[in-house]
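Coordinate analysis (summary)
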Amino acid sequence: MILTNIKQLVGIQSEDKLKTSGFEMNKLNIIENAYLQINNGKIIGFGKMKDLSMDEIEEVEDLTGKLVLPAWNDSHTHLVYAGTREKEFIDRINGLSYEEIAARGGGILNSAKLMEETSENDLYAAAENRLKQVMNMGTGAIEIKSGYGLSLNGELKMLRTIKRLNEKFDLTVKATFLGAHALPKKYKNNKEKYLDLIIKEMLPNIEKEGLAEYIDIFCETNYFSVDDMHKILEAGRKHGLKPKVHVNQFTSIGGIQKAIEWDAISVDHLEVMNGKDFNALKNKSTIATLLPSCSFFINIPFGPAKKLIEKNISFALATDYNPGSSPNGNMNLVNALACIKMNISPEAAFNASTLNGAYAMEISKNTGSITEGKLANINVTSNINSYGFMPYSFGQNHIERTMIKGKWIN
Ligand SMILES: [Zn+2]
């Protein structure tokens, strides 16, 4: 298949470029009036229209007036969940804090209760619906976490649901085990016992069924400590799971440093960062992941994207799609918020949402840019003048069509 007369082909990278960092994030390689050739689900060529020679009669699609970009890679979500929590949202508008809502039985524990009451089939149906919605907004690969089960059966139910999504859809779905998301009510005064349950019961079963690739923990004041993280990541490694962790959302307690010790693939959130935290991330393979729609929704500081660029630390942008702090899986909105609230360029937001998102899921060899040999995971825009129009005209969907592994999904 050849896509022709593309107004701008955006996000071209060389094969060896697996992530972007520092001021190079402000650059995007573009070809104006371009073609893109696809075969067997992969990109096999591209260039200027004037250089295109078509030997045989090929399937041609004329994209006059439209931009073609790599699909978004959303590397941090909790897309599998039961029920919704708009009641807590309204409580918050009426003056209750996030902590007060949690103390009343709201928050993660509320989602855990709803999870327990929901069958695996209903859970799957709701998640499938959400996944289709985000694919229609241009997401071409996604990471999904467990963490609302908080019991052996609940966590397995969530991870099996993620596995089913991966089997049903062409897009890449990466599974992360987040048993240490919150302390269930039953273990309120016995954290050690819950950690034991994760280590001795949940992890062996997850390995046996091959249900996850990554392990996560919510390392935060009043949740899980740095020592807890050490234990969980150590146990995870024994069962073949690599760390991708929640750190520095509300407080800086040394989680980044500990995660780096364990060769974390990514450290996520980072709304609160001190000098030591920045230094720990310098020249490391671990990538930072920022979640602007979470900051927007619960009114907390935004991650320090600009500072990370200045310090040459690579970061990805993701939605954190979840029922409590970011009930939205739209990567276009994430891009807009990064530009508007974090004050970074559309180019940097774009790089963080495509190639760097892929890096945070360890798939940037195969996707995340327009590169010969990579998967044909692409987005086609409506008739717009430039990619800068997308975050500028925020809150609207300018993606008309999405192709995953060479197949149009819409
Ligand atoms: Zn999260």
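Just so it is clear, the structure is predicted and the values come from calculations on it, not from any experiment.

**Overview of the packing of aromatic side chains**
- This structure, assessed with the given rule, holds seven aromatic pairs.
- The interplanar angle of 15° and the centroid separation of 5.3 Å between the aromatic rings of F89 and F297 together place this pair among those described as stacked. Taken together, the residues F89 in helix α1 (residues 86–93) and F297 in helix α10 (residues 292–298) connect sequence positions 208 residues apart.
- Their ring planes at 45° and their centres at 5.4 Å tell us that Y187 and Y194 sit as a pair that is tilted.
- An aromatic cluster is defined as three or more aromatic residues linked by ring pairs; in this entry it consists of W72, F350 and Y387.
- Stacked on the ring of Y81, the Lys or Arg R130 has its end atom at 3.5 Å from the ring centre.
- Above the ring of F278, the side-chain terminus of K311 is found at 5.5 Å from the ring centroid.

**Side note on the pattern of salt bridges**
- Following the criterion strictly, the structure yields 21 salt bridges and no others.
- The residue R401 makes a salt bridge to E61 at a minimum N-O spacing of 3.0 Å. Remark: E61 occurs in strand β4 (residues 60–62) and R401 occurs in strand β15 (residues 399–404); sequence separation between them is 340 residues.
- In this structure, the salt-bridge partner of K407 is D170, at a minimum N-O distance of 3.1 Å. On the criterion of sequence distance, the pair formed by K407 in strand β16 (residues 407–408) and D170 in the loop between α5 (152–168) and β8 (172–180) is long-range, its members being 237 residues apart.
- If you follow the salt bridges from partner to partner, you end up with K174, E213, K242 and E362 in one network.

**Thoughts on the coordination of the zinc ion**
- For the zinc ion, every protein donor is listed as H76 (NE2), H78 (NE2), H246 (NE2) and D320 (OD), and the spread of their distances is 2.1 to 2.3 Å.
- Between the four donor atoms coordinating the zinc ion, the angles at the centre fall across 85 to 168°, so the site counts as irregular.
- Here the donor residues of the zinc ion are spaced in sequence according to H-x1-H-x167-H-x73-D.
- Residue classification places H76 among the buried positions, given a relative accessible area of 0%.
- Residue class for H78 comes out buried when judged on its relative accessible area of 2%.

**Considering the state of the cysteines**
- With the rule as written, the count across this model stands at zero disulfides.
- With no disulfide of its own, C294 lies closest to C219 among cysteine sulfurs, the gap being 16 Å.
- Classification of C294 by relative accessible area gives buried; the value is 0%.

**Focus: the pairing of strand β9 (residues 214–219)**
- Burial of β9 is extensive: six of the six residues sit out of reach of the surface.
- Along β9, one buried face is formed by Y214, D216 and F218 and the opposite face, lined by I215, I217 and C219, is buried too.
- Alignment of β8 against β9, held across three bridges, turns out to be parallel. Residue pairing for β9: F177 is matched across the bridge by I215.

**Considering the nonpolar core**
- Among the nonpolar cores identified, the biggest contains 94 residues, and L79, F177 and F315 are the most heavily contacted of them.
- If one sorts the elements of this core by residue count, helix α6 (residues 191–209) sits on top with seven residues.
- A domain split of this core shows at least three residues from each of domain 1 (2–71 + 366–408) and domain 2 (73–359).
- Apart from the residues lying within four places of it in its own chain, the contact partners of L79 are A127, R130, L131, V134, I142, I144, L165 and Y321.

**Comments concerning the domain arrangement of the protein chain**
- As far as domains go, the protein chain holds domain 1 (2–71 + 366–408) and domain 2 (73–359).
- Taking the mean C-alpha position of each, domain 1 and domain 2 sit 29 Å from one another.
- Every contact between the two is made by 36 residues of domain 1 and, on the other side, 36 residues of domain 2.
- Between domain 1 and domain 2, a total of about 2800 Å² is buried, with carbon and sulfur atoms accounting for 61% of that surface.
- Inspection of the domain 1/domain 2 interface yields one salt bridge.
- Where domain 1 meets domain 2, there are 12 residue pairs in polar contact (both at pLDDT 80 or more).
- Taken together, the elements giving at least two residues each to the side of domain 1 that touches domain 2 come down to β5 (66–70), α15 (389–392) and β15.
- Counting residues per element, the side of domain 1 that touches domain 2 draws most heavily on β15, at three residues.

About the thresholds
- Residues numbered from 1 in each chain as written.
- Predicted model: local features only at pLDDT ≥ 70, side-chain atom pairs only at ≥ 80, totals over all residues.
- Heavy atoms only, no water.
- Phe/Tyr/Trp six-rings, centres within 6.5 Å; stacked < 30°, edge-to-face > 60°.
- Helix = DSSP H or I, 4+ residues; strand = E, 2+ residues; numbered from the N terminus.
- Lys NZ or Arg CZ within 6 Å of the ring centre and 35° of its normal.
- Salt bridge = Lys/Arg side-chain N within 4 Å of Asp/Glu carboxyl O.
- Donors = N, O, S within 2.8 Å, 3.2 Å for Na, K, Ca; no water.
- Tetrahedral: all angles 85-135°; square planar, octahedral: opposite > 155°, others 65-115°.
- Buried < 20%, exposed > 50% of the residue type's maximum accessible area, 1.4 Å probe, protein only.
- Disulfide = S-S within 2.5 Å.
- Pairing = 2+ DSSP bridges.
- Core = buried A, V, L, I, M, F, W, Y, C linked by side-chain atoms within 4.5 Å.
- Domains from an automatic or database assignment.
- Contact = heavy atoms within 4.5 Å.
- Buried area = accessible area lost by both parts, 1.4 Å probe.
- Polar contact = N/O pair within 3.5 Å; in protein donor to acceptor, adjacent residues only side chain to side chain.

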